[in-house]
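# Descriptive structure summary
So you can see what is in the structure, the chains are spelled out below.
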Amino acid sequence: MNAVAPLIIAATGIPALCFAAWSGRPGTAHARGVGLRWALIALCLFVGAIGVYLAGDNRNIAYGVVIALVVAVNALGVSLVLYLRRADNNGASRK
């Protein structure tokens, strides 16, 4: 029963990984940047799931892992939004 929460966390990383593969298809520098940020979000979710699984029954460690996971994913989400705002209408990054 201890593996339910890590499986749910890991399952939420799969759509982010699919978005990373889909958004990086055009091959432009901007598309690769967006894909990289989605891939990092998926990686954070997978690492967080492993951390929650390894925490086992120790709730303090599990809470610490979940708090670190929330901070990392939200920071990457803000990075993604700011990166998307820097793009012009043609999809190229503005300097």
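What this report covers is the structure whose coordinates are included nearby. (Residues numbered from 1 in each chain as written. Predicted model: local features only at pLDDT ≥ 70, side-chain atom pairs only at ≥ 80, totals over all residues. Heavy atoms only, no water.)

### Some points on the overall build of the chain
In plain terms, the rule: Working definition: helices are DSSP H or I runs of at least four residues, strands are E runs of at least two. Numbering for both runs from the N terminus. In these tables, accessible area is a Shrake-Rupley quantity obtained with a 1.4 Å probe, and a residue counts as shielded only by the protein chains included in the view.
When helices and strands are tallied, the chain shows 3 helices and 0 strands. In terms of overall dimensions, the chain has C-alpha extents of about 50 × 20 × 15 Å along its principal axes. A total of about 6,500 Å² of accessible surface is found on the chain, and carbon and sulfur atoms cover 69% of it.

### Points about helix H2 (residues 29–55)
Residues spaced three or four apart along an α-helix point in a common direction, a consequence of the helix completing one turn every 3.6 residues. Rules: The span you would expect from a helix comes to 1.5 Å times its residue count less one.
The first and last C-alpha atoms of H2 sit 39 Å apart over 27 residues, in line with the 39 Å expected at 1.5 Å per residue. Gly56 sits one or two positions beyond H2 and adopts a positive phi of about 60°.

### What about the packing of H2 against helix H3 (residues 59–85)?
Heads up, the condition is: Axis definition: a line fitted to C-alpha atoms, limited for helices to the stretch in contact. Angles are taken between N-to-C directions and run from 0 to 180 degrees. Each angle gets one of four labels, with under 35 degrees taken as roughly parallel, over 145 as roughly antiparallel, 65 to 115 as roughly perpendicular, and the rest as oblique. For this classification, Asp, Glu, Lys and Arg are treated as charged, while Ala, Val, Leu, Ile, Met, Phe, Trp, Tyr, Cys and Pro are nonpolar and the rest, including Gly, are polar.
Between H2 and H3, the least distance of the axes is 9 Å, while the angle of their chain directions is 175°. Considering their axes alone, H2 and H3 lie roughly antiparallel with respect to each other. Looking at the contact of H2 with H3, its residues break down into 20 nonpolar, 6 polar and 1 charged.

### Side note on the nonpolar core
The following threshold applies: The criterion is simple. A nonpolar core is a set of buried Ala, Val, Leu, Ile, Met, Phe, Trp, Tyr and Cys residues joined through side-chain atoms within 4.5 Å. Buried, partly exposed and exposed residues are distinguished by accessible area as a fraction of the type maximum, computed with a 1.4 Å probe on protein chains only: under 20%, between the cut-offs, and over 50%, respectively. Any pair of residues with heavy atoms lying within 4.5 Å of one another is described as a contacting pair.
Ile9, Ala16, Ile41, Ala42, Leu45, Ala49, Val52, Leu69 and Leu76 form the largest nonpolar core, which has 9 residues in total. Elements represented by at least two residues in this core include exactly helix H1 (4–23), H2 and H3. With 5 residues, the single largest contributor to this core is H2. Discounting residues that sit within four places of it in the chain, Ala42 has contacts with Gly13, Ala16 and Leu17.

### Observations regarding the packing of aromatic side chains
Put simply, the rule is: Under the pairing criterion, centres of Phe, Tyr and Trp rings, with the six-membered ring standing for Trp, must be within 6.5 Å; the plane angle then separates stacked pairs below 30 degrees from edge-to-face pairs above 60, leaving the rest tilted. Whether a charge sits over a ring comes down to the Lys NZ or Arg CZ being within 6 Å of the ring centre and within 35 degrees of the ring normal.
One pass over the structure, following the stated rule, counts 1 aromatic pair. For the pair Phe19 and Trp38, a centre-to-centre distance of 5.0 Å together with 50° between the ring planes defines the contact as tilted. In this pair, Phe19 is assigned in helix H1 and Trp38 in helix H2, connecting sequence segments 19 residues apart. Over the ring of Tyr83 we find Arg37; its NZ or CZ atom is 4.0 Å from the centre of that ring.

### A few points about the environment of Ala29
Secondary-structure assignment places Ala29 in helix H2. Once the C-alpha coordinates of Ala29 and Gly51 are considered, the two residues, 22 residues apart in sequence, prove to be 33 Å apart.

### A short note on H3
Relative to the 39 Å expected for 27 residues at 1.5 Å per residue, H3 spans 39 Å between its end C-alpha atoms, a close match to the ideal helical length. Burial in H3 covers these residues: Ala62, Leu69, Leu76, Leu80 and Tyr83. On the buried face of H3, the contacting elements are H1 and H2.

### Points about the state of the cysteines
By definition, a disulfide links the sulfur atoms of two cysteine residues through a covalent bond. Cut-off, in case you're wondering: Note on terminology: disulfide denotes any pair of cysteine sulfur atoms within 2.5 Å.
In the structure shown here, the tally under the stated rule is 0 disulfides. A disulfide-free cysteine, Cys18 has its sulfur positioned 17 Å from the sulfur of Cys44, the nearest such atom. We classify Cys44 as partly exposed; its relative accessible area is 22%.

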